[in-house]
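# Close look at the chain arrangement
Here's the letter readout for the chains.
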Amino acid sequence: MSSIEQTLSIIKPDAVERNLDKEIKQMFIKNGFTIFKEKKIQIEKSEAEKFYKVHETKPFYSDLCSYLSSGPIVAMILEKENAVIDNRKLMGATNPKDAEDGTIRKKYGISIDKNSVHGSDSVENAKKEIDFFFRD
Ligand code: CMP
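Everything numeric in this text was worked out from a predicted model, so none of it was measured.

## Some points on the overall build of the chain
Looking only at helices and strands, the chain has seven helices and four strands in total. Secondary structure elements in the chain, listed N-terminal to C-terminal, are β-α-α-β-α-α-β-α-α-β-α. Against the globule reference of 14 Å for 136 residues, the chain gives a C-alpha radius of gyration of 14 Å, in line with a compact fold. Seen along its three principal axes, the alpha-carbon backbone of the chain occupies a region of about 40 × 35 × 25 Å. Within the chain, buried positions represent 45% of all 136 residues. Contacts in the chain between residues far apart in sequence, at least 24 positions, make up 75% of those at least 6 positions apart. Surface exposure of the chain reaches about 7700 Å², of which carbon and sulfur atoms provide 48%.

## Remarks on the pattern of salt bridges
Applying the stated rule across the entire model yields seven salt bridges. Residues glutamate 38 and lysine 25 are paired through a salt bridge, measuring 2.7 Å at the closest nitrogen-oxygen approach. Here lysine 25 lies in helix 2 (residues 21-30) and glutamate 38 lies in strand 2 (residues 34-41), a separation of 13 residues in the sequence. Residue classification places lysine 25 among the buried residues on the basis of a relative accessible area of 16%. The shortest N-O distance in the salt bridge between glutamate 56 and lysine 53 comes to 3.1 Å. Its relative accessible area of 42% is what places glutamate 56 among the partly exposed residues.

Criteria and cut-off values
Residues numbered from 1 in each chain as written. Predicted model: local features only at pLDDT ≥ 70, side-chain atom pairs only at ≥ 80, totals over all residues. Heavy atoms only, no water. Helix = DSSP H or I, 4+ residues; strand = E, 2+ residues; numbered from the N terminus. Rg over C-alpha atoms; globule rule 2.2 N^0.38 Å. Buried < 20%, exposed > 50% of the residue type's maximum accessible area, 1.4 Å probe, protein only. Contact = heavy atoms within 4.5 Å. Areas by Shrake-Rupley, 256 points an atom, 1.4 Å probe, with all protein chains shown as cover. Salt bridge = Lys/Arg side-chain N within 4 Å of Asp/Glu carboxyl O.

Listed below in structure tokens is the structure:
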């Protein structure tokens with residue numbers, strides 16, 4: 001049995017700043033995703049802290065939240081079968097240096113911080129992250 005799943009994707013400030021959002025969206029579409037909803041916004045650091053709360057004990061937490069709130073981002077709800085896992089495959093490894101050819105982070109990522117995209121890591125977190133950006 002198969003069913004359509006949703007995941008949350010963010011095109012991060014480094015990619016939006018380089019005007020890569022259209023190209024990255026095309027990669028999602030080419031790989032079978034539908035962009036169900038999207039919005040371009042800039043969030044406050046306090047909001048980024050809520051979004052990345054799971055990482056609050058990590059040494060990189062503060063820099064990560066400053067970075068996500070440093071410029072416009074594009075938040076999207078992506079849909080397809082197995083959207084969560086397929087999006088993680090398409091994004092590639094967190095560190096662009098370790099990402100495989102053909103992945104978004106390999107193609108566009110600059111560093112582990114400026115890795116161009118975020119994607120939910122589980123169906124449960126996808127629901128929370130979608131609610132965070134698209135509650136209203
Ligand atoms: P993302 O998938 O958005 O989830 C958390 C982010 O923290 C991650 O991408 C990276 O951009 C960032 N980050 C910075 N340093 C690290 C690290 N050492 N390990 C994992 N993620 C890191």
